[in-house]
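# Survey of secondary and tertiary structure
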Amino acid sequence: MRILSACLLAMMTVALLGPVPARAVAPDEVLSDPVLEQRARDLSADLRCLVCQNQSIDDSDAPLAKDLRILVRERLVAGDSNGEVIDFLVSRYGEFVLLKPRFSMHTLLLWTIAPAMLLIGAFVLVMNARRRTVAGTVGEPTGLSAEEQAALDRLLDKGADGK
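All figures in this text were calculated on a predicted structure; none of them were measured in a lab.

## A word on the overall build of the protein
- On a plain count of helices and strands, the protein comes out with six helices and zero strands.
- Scanning the protein from its N terminus toward the C terminus, one meets helices and strands in the order α-α-α-α-α-α.
- Taken over 163 residues, the protein has a buried fraction of 20%.
- Restricting the contact set of the protein to residue pairs at least 6 apart, pairs at least 24 apart contribute 48%.
- Here the protein has roughly 12200 Å² of accessible surface; of this, 65% comes from carbon and sulfur atoms.

## Comments concerning helix α2 (residues 34-45)
- Taking 1.5 Å per residue as the helical rise, α2 with its twelve residues ought to reach 16 Å, and the 16 Å between its terminal C-alpha atoms agrees with that figure.
- Buried positions along α2 lie against α3 (63-77) and α4 (82-93).
- Between the side-chain oxygen at the start of α2 and the backbone nitrogen of V35 there is a gap of 3.2 Å, and the oxygen is on D33.

## A few points about the packing of α2 against α3
- Between α2 and α3, the shortest axis-to-axis distance is 10 Å and the interhelical angle comes to 135°. When the interaxial angle is binned, α2 and α3 end up oblique. Pair α2 / α3 crosses with right-handed handedness. Along its contact with α2, which presents L36, E37, R39, A40, R41, L43 and S44, the element α3 presents R69, V72, R73, L76 and V77.
- Tallied by class, residues from the contact of α2 with α3 come to six nonpolar, one polar and five charged.

## Description of the nonpolar core
- In this structure, L47, I57, V72, L76 and L89 are the most contacted members of the largest nonpolar core, which totals 19 residues.
- Listing elements by their share of this core, those giving two or more residues are α2, α3 and α4.
- If you tally residues by element for this core, the top one is α3, at five residues.
- When near neighbours in sequence (up to four residues on either side) are disregarded, L47 contacts Q55, S56, I57, V72, I86, L89, V97, L98 and L99.

## Here's the deal with the side chain of R48
- Positionally, R48 belongs in the loop between α2 and α3.
- Notably, R48 is buried but unbridged: the nearest opposite-charge side chain belongs to E95, and the N-O separation is 9.1 Å.
- A polar contact is formed between the side chain of R48 and the backbone oxygen of F96, at a distance of 2.7 Å.
- Excluding residues within four positions of it along the chain, R48 makes contact with Q53, Q55, S56, I57, L68, F96, V97, L98 and L99.

## Digging into the packing of aromatic side chains
- Scanning the entire structure with this criterion turns up zero aromatic pairs.
- Its end group placed over the ring of F96, R48 keeps NZ or CZ at 4.5 Å from the ring centre.
- Of note, R75 hangs over the ring of F88, and the distance from its end group to the ring centre comes to 3.9 Å.

## Observations concerning the pattern of salt bridges
- For the structure on display, the rule yields three salt bridges.
- Of the charged contacts, one joins R41 and E37 as a salt bridge, the two residues approaching to 3.0 Å between their closest N and O atoms. With a gap of four residues between them, R41 and E37 both fall in helix α2, about one helical turn apart.
- By relative accessible area, R41 is classed as partly exposed at 26%.
- By relative accessible area, E37 is classed as buried at 8%.
- Taking the shortest distance from any N to any O, the salt bridge between D80 and R75 comes out at 2.6 Å.
- On the basis of relative accessible area, D80 is assigned to the buried category, the value being 13%.
- The class of R75 is partly exposed, set by a relative accessible area of 25%.
- It is possible to trace a salt-bridge network through shared partners that takes in E37, R41 and R73.

Basis of the calculations
- Residues numbered from 1 in each chain as written.
- Predicted model: local features only at pLDDT ≥ 70, side-chain atom pairs only at ≥ 80, totals over all residues.
- Heavy atoms only, no water.
- Helix = DSSP H or I, 4+ residues; strand = E, 2+ residues; numbered from the N terminus.
- Buried < 20%, exposed > 50% of the residue type's maximum accessible area, 1.4 Å probe, protein only.
- Contact = heavy atoms within 4.5 Å.
- Areas by Shrake-Rupley, 256 points an atom, 1.4 Å probe, with all protein chains shown as cover.
- Expected span 1.5 Å × (residues − 1).
- Polar contact = N/O pair within 3.5 Å; in protein donor to acceptor, adjacent residues only side chain to side chain.
- Axes fitted to C-alpha atoms, helices over the stretch in contact; angles between N-to-C directions.
- Parallel < 35°, antiparallel > 145°, perpendicular 65-115°, else oblique.
- Left-handed = near helix turned anticlockwise from the far one by under 90°.
- Nonpolar A, V, L, I, M, F, W, Y, C, P; charged D, E, K, R; others polar.
- Core = buried A, V, L, I, M, F, W, Y, C linked by side-chain atoms within 4.5 Å.
- Lys, Arg positive; Asp, Glu negative; His and termini not counted.
- Salt bridge = Lys/Arg side-chain N within 4 Å of Asp/Glu carboxyl O.
- Phe/Tyr/Trp six-rings, centres within 6.5 Å; stacked < 30°, edge-to-face > 60°.
- Lys NZ or Arg CZ within 6 Å of the ring centre and 35° of its normal.

Written out as structure tokens, the structure reads:
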């Protein structure tokens, strides 16, 4: 039993440590100034790899991602601010290079569609609940009309007579 517990503990430890994201930054790319390097890492984490499209350039091994990481570092060494580096890359590659798109007129739908759908869904649920309460209490049967009750009584009377 102890061996089984030890094996399970070892497997859980490996499983939890396994999915640690690997950084693709090569040692030759790292800047000697730790402050600039940290700024480069922060910027790289927010920039999309144009080849992988779902990874940041900091996580991607693609050659284009390496070129972009080097370009970011060159711009920082040249004295650009973080905003200037981002603006330079957006002007060169378009808004798609940003993992989190900016809020602007052409991204308005992207930013508003999810909250709008949530509000529409909530509105539909509220209207459905109101309609149910107007028709009668949820879960309780509604009463029969006079015609329906008379027809039911006739059917029950026929059944009791044995006809």
